[in-house]
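Take a look at the letters that make up each chain.
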Amino acid sequence: AQAGDVVFVPNGVECRASAAPQAAPSRSALDGPGPMVYVLLSLRASEQTVEASLGRYLNDLLRESDLSKDADAFLRTAVTRLTRAAGCDEERLSKVAAELASKVSADGLMQHYRRYMEKLRLEQTAGAVAAGAPPSERSGPPTVSRASRVRVSSGVSVTCRDGDTTAYFKRGSETLRLPIAETASFLIHDLSDGAPHTVANLRCADEVEKICVCQILVYKGCLEVAA
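What counts and how
Residues numbered from 1 in each chain as written. Predicted model: local features only at pLDDT ≥ 70, side-chain atom pairs only at ≥ 80, totals over all residues. Heavy atoms only, no water. Salt bridge = Lys/Arg side-chain N within 4 Å of Asp/Glu carboxyl O. Helix = DSSP H or I, 4+ residues; strand = E, 2+ residues; numbered from the N terminus. Buried < 20%, exposed > 50% of the residue type's maximum accessible area, 1.4 Å probe, protein only. Core = buried A, V, L, I, M, F, W, Y, C linked by side-chain atoms within 4.5 Å. Contact = heavy atoms within 4.5 Å. pLDDT = per-residue confidence, 0-100. Expected span 1.5 Å × (residues − 1). Arc of directions from axis to C-beta.

Undergrad: Whenever I open this one, the pattern of salt bridges confuses me. Can you help?
TA: Side chains bearing opposite charge may pair, as long as their charged atoms lie close to each other. Counted according to the given criterion, the structure contains 10 salt bridges. Residue Glu 207 pairs with Arg 146 through a salt bridge whose shortest N-O separation is 2.9 Å. With Glu 207 in helix 6 (residues 207-219) and Arg 146 in the loop between helix 4 (106-132) and strand 1 (149-152), this pair connects stretches of sequence that are 61 residues apart. Given a relative accessible area of 36%, Arg 146 falls into the partly exposed group. A salt bridge links Arg 203 to Asp 162, with the shortest nitrogen-to-oxygen separation between them at 2.9 Å. Of this pair, Arg 203 sits in the loop between strand 5 (197-198) and helix 6 while Asp 162 sits in the loop between strand 2 (156-159) and strand 3 (166-171), and the two are 41 residues apart along the sequence. Counted as one network, the salt bridges with shared partners bring together Arg 146, Glu 207 and Lys 210.

This is how it looks when you write it as structure tokens:
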């Protein structure tokens, strides 16, 4: 595989990736020196099964459908107790079930699925647009890069030695006990002095891990990006 390639990995197949020296001249503007990252994206197919789709469809029918007052009251009560164990009237149960079934159709399920997928597509598009916006227009914590200068957040102290697998971030009387990879302990120890550090100069052999660890700690409020 070359830089920029996309590979489809079937469900259930183990996927491992490692970088190897290039044997041929660069064929892409993406090739070149610098950190390399392999991203495996799950299609989350289990959420798109007929079973999952039918469950969402029925759930929305129960909340939004124009059921009779008796059926609506019965179904809202049924979720809070074991209907049959509570001595429910079988005739009433059958009547309510038939009314609900009359609202269900294959066409209705397909339309509901299309609306759900369109809603998901719009949410993902909005997320992509937000991620690509200039830093000044983004909401939430700032994005970390190799050139960023980061330090421990104001009021926070950190305890982590080289080789540790747990880092302790303390603010007042509260302590966050954070399990970490041993490889991340060196850069966290560097940051424990409270001074600003350029991400590129922090001790961590993997450039991608270095950025990811700092970004996660910024999200958690343990680090802040220095001006």
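Undergrad: Sorry, what's going on with the nonpolar core here?
TA: Of all hydrophobic cores here, the largest spans 23 residues; its most connected members are Phe 169, Leu 187, Ile 188, Cys 214, Leu 217 and Leu 223. Sorting the residues of this core by element identifies strand 1, strand 2, strand 3, helix 5 (185-191) and helix 6 as the ones contributing at least two each. With four residues, the single largest contributor to this core is helix 6. In this view, Leu 187 contacts Leu 202, Arg 203, Cys 204, Lys 210, Val 213 and Cys 214; residues no more than four positions away in its chain are not counted.

Undergrad: How should the confidence of the model for the protein be read in this particular structure?
TA: Keep in mind that low pLDDT regions are not for reading the predicted coordinates in detail. Taken as a whole, the protein shows an average pLDDT of 82; of its residues, 82% reach a score of 70 or greater. Counted against residues more than four places away or in other chains, residues 24-30, with its pLDDT under 50, gives seven contacts.

Undergrad: What is the right way to look at helix 1 (residues 50-64) in this model?
TA: Given 3.6 residues per helical turn, the α-helix brings residues three or four places apart onto the same face. With 15 residues, helix 1 should reach 21 Å at 1.5 Å per residue; the first-to-last C-alpha distance of 21 Å fits that figure. Every buried residue belonging to helix 1 is among Ser 53, Tyr 57, Asp 60 and Leu 61, and all of these are buried. Down the axis of helix 1, the buried side of the element spans an arc of 105°, and every buried residue falls inside it. For helix 1, the exposed residues set more than 90 degrees away from the buried face come down to Glu 51 and Arg 63. Buried positions along helix 1 lie against helix 4.

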